[in-house]
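Coordinates in review
Below, each chain spelled out in residue letters.
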Amino acid sequence: MKTRTLTGTTHASLAIIASRMVNLAGKFALSFFIARYLGLAELGLYGLVLGIVTVFPAIAGFGLSSLLAREAVTQKPAQFTAVMAQLLKAQSLLYAALLPLALLIGWLTGQPHLAILTLALAYAEQLNNAIFDFLIARHQPLLANVLTTLRGGLWAFAFMLLAFLHPQAATLDTVLWIWLAGVTLAIIAFTAKAKSWPWAQALGQKFSLKTYIEHIRRAGWLYVGSIATLLGQNIDRYIVTLFLGLEATGVYVLFWSIGNALYNLTVSGVLQLARPHLIQARQKAKHYAVVYRQTAGRTLVSVLATQLPVALVFPLALPWLQRPLVEFYLPALWLVQVGMALRTGLEFFATGYYAHQRDAHIAQLNLLLLGLTVACNFALLPFLGLYGAAAAIGIAALFCLPYLKVRA
């Protein structure tokens, strides 16, 4: 496979950013809609459910999609399709085994439908995450991000349209059901698009538990790193709930959703697009420094081009939102945005480590960030309230800077 630099990826990057902008708009609009029409407490509860559905696939995934997708960059179609088929089989078997546990939890809590719905969402997100990683590895970032928009943004517009037409449908349960429809539709769309891949041979291969366990062993540091990353991104909302209650959590989730969406815009539009190029350049010992510098420049431009306009425009939406508590805490949004910009910088370094297979370094960085995030939240929340949680994002990232190396 020919080594590539980022020279020819500008149009793809712009198309991906445009696709992600739709996703961004959907998430923004959904957060505003829930805050405006369902209430801040419901937005806080939605944020807690979202955190579970985001973190659990990382726990159940064992870091395998990141490991196997990195190897798929240089594999032939028959090889990576076979690997992907085995991974999807393993994930399906695991979630089938978890179904009785979900039923038990639902029975104990008196909400069996919510427990099953949460498990179904986690399973669908798990499959979609693996699909995304493999598509990125195979230089199909546009398809990967279109599918992400389908499962991340478009369904939110569908819910809001339904809620406007039928106000009685404006409930959190409806949000979750339409979310499930969106992620399922993304899987169906991928299946239709990838029908020419050698699936018959791949799916016909017998599942090997021994090979699966060996993959888990090799993915150990990636697994630790992925869990630490997602916990670091989501644990703060539970600490906010502990100290300040659901309504304040709703405000925090609203601000965090904005900052995180902008963070993801740069990660998906720049860093994930650069991953396979960095891997190939590193393996061939050619053009790596060029690709690395290009990635750094594009990351900085993307952060400035996304974070600054939102910081200026968001205050204009406050009168429509009609939530005085959100307006009162507006400076916390800017603290969240600064923190997310700093975390984007950490992700840039982690991308370089990933290309060099320094999985232990990534895991240790993410564990450090997780520990600092928890410590900063517990230290600042009692004195600064919501501002403390917002500031903790950036402060934790700053404390990680001495750990970084100048070049990956």
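Coordinates for the structure precede this section.
Report on the accompanying structure. (Residues numbered from 1 in each chain as written. Predicted model: local features only at pLDDT ≥ 70, side-chain atom pairs only at ≥ 80, totals over all residues. Heavy atoms only, no water.)

As a further point, take the overall build of the protein chain. Helix and strand content of the protein chain: 17 helices and 0 strands. For a compact globule of 408 residues, the expected C-alpha radius of gyration is about 22 Å, and the protein chain comes in at 21 Å, within 12% of that figure. A principal-axis box enclosing the C-alpha atoms of the protein chain has dimensions of 55 × 50 × 35 Å. Taking as baseline every contact in the protein chain between residues at least 6 positions apart, the subset at least 24 positions apart corresponds to 83%. Carbon and sulfur atoms make up 71% of the accessible area of the protein chain, which totals about 17600 Å². Within the protein chain, the 11 negative side-chain charges are centred at a point lying 17 Å from the centre of the 28 positive side-chain charges. (Helix = DSSP H or I, 4+ residues; strand = E, 2+ residues; numbered from the N terminus. Rg over C-alpha atoms; globule rule 2.2 N^0.38 Å. Contact = heavy atoms within 4.5 Å. Areas by Shrake-Rupley, 256 points an atom, 1.4 Å probe, with all protein chains shown as cover. Lys, Arg positive; Asp, Glu negative; His and termini not counted. Charge placed at Lys NZ, Arg CZ, Asp CG, Glu CD.)

Attention shifts here to the packing of aromatic side chains. On inspection of all chains with the given rule, the structure shows 12 aromatic pairs. Note on F56 and Y95: the rings are 6.0 Å apart at their centroids and 80° apart in plane angle, and the pair reads as edge-to-face. Here F56 is found in helix α2 (residues 40-61), whereas its partner Y95 is found in helix α4 (residues 77-109), with 39 residues between them in sequence. A centroid spacing of 5.0 Å and a plane angle of 80° characterise the contact between F328 and Y329, whose relative ring orientation is edge-to-face. By relative accessible area, F328 is classed as exposed at 55%. Taking relative accessible area as the criterion, Y329 reaches 17% and is therefore assigned buried. Here the aromatic cluster, defined as three or more aromatic residues joined through ring pairs, consists of F33, F159 and F164. (Phe/Tyr/Trp six-rings, centres within 6.5 Å; stacked < 30°, edge-to-face > 60°. Buried < 20%, exposed > 50% of the residue type's maximum accessible area, 1.4 Å probe, protein only.)

Below, the discussion takes up the nonpolar core. Ranked by internal contacts, the top residues of the largest apolar core, which has 114 residues, are Y46, W179, F190, F255 and F314. Among the elements that line this core, the one with the most residues is helix α11 (residues 246-283), at 18 residues. The contact partners of F314, leaving out residues within four places of it in the chain, are F32, L254, F255, I258, V326, L330 and L333. By size, the runner-up hydrophobic cluster in this structure holds 6 residues, among which are A60, L98, L119 and A122. (Core = buried A, V, L, I, M, F, W, Y, C linked by side-chain atoms within 4.5 Å.)

Glancing now at the layout of surface pockets. There is about 470 Å³ of room inside the largest pocket. What lines the largest pocket is a set of 20 residues, and nearest its centre among them are I52, I105, L114, A115 and T118. The biggest single contributor to the lining of the largest pocket is helix α5 (residues 112-137), with 6 residues. For the lining of the largest pocket, a count of residues per class yields 15 nonpolar, 4 polar and 1 charged. (1 Å grid on protein atoms, 1.4 Å probe; cavity = no way out; pocket = protein on both sides within 12 Å on 5 of 7 lines; lining within 4 Å. Points joined across faces, edges and corners; volume = space filled by probe spheres on them. Nonpolar A, V, L, I, M, F, W, Y, C, P; charged D, E, K, R; others polar.)

Our next topic: α4. Over its 33 residues, α4 extends 46 Å from the first C-alpha to the last, a length consistent with the 48 Å expected when each residue adds 1.5 Å. Its axis deflected by about 35° at L99, α4 carries its strongest bend there, up to four residues before the proline P100. Two residues or fewer past α4, G110 is found with a positive phi of approximately 75°. (Expected span 1.5 Å × (residues − 1). Bend = angle between axes of the 7 residues up to and from the residue.)

With that settled, the discussion passes to the packing of α2 against helix α10 (residues 220-244). Where α2 contacts α10, the two axes come as close as 9 Å, and the packing angle between them is 165°. As summarised for this structure, α2 and α10 are arranged roughly antiparallel, according to the angle between their axes. Between α2 and α10 lies a crossing of left-handed hand. Note on element contacts: α10 touches α2 through Y223, S226, I227, L230, L231, N234, R237, Y238 and T241, opposite G47, L48, L50, G51, I52, T54, V55, A58 and I59. In terms of residue class, the contact of α2 with α10 is built from 11 nonpolar, 6 polar and 1 charged. (Axes fitted to C-alpha atoms, helices over the stretch in contact; angles between N-to-C directions. Parallel < 35°, antiparallel > 145°, perpendicular 65-115°, else oblique. Left-handed = near helix turned anticlockwise from the far one by under 90°.)

Right, let's talk about empty space enclosed by the protein for a bit. On inspection of all chains with the given rule, the structure shows 6 cavities of 30 Å³ or more. When its volume is computed, the second largest cavity comes out at roughly 150 Å³. Around the second largest cavity sit T229, Q233, Y263, M340, R343, L346, E347, A350, L365, N366 and L369, which together line it. Of all the secondary-structure elements, those providing two or more residues to the lining of the second largest cavity are α10, α15 (330-355) and α16 (359-384). The element contributing the most residues to the lining of the second largest cavity is α15, with 5 residues. Along the lines of polarity and charge, the residues of the lining of the second largest cavity split into 6 nonpolar, 3 polar and 2 charged.

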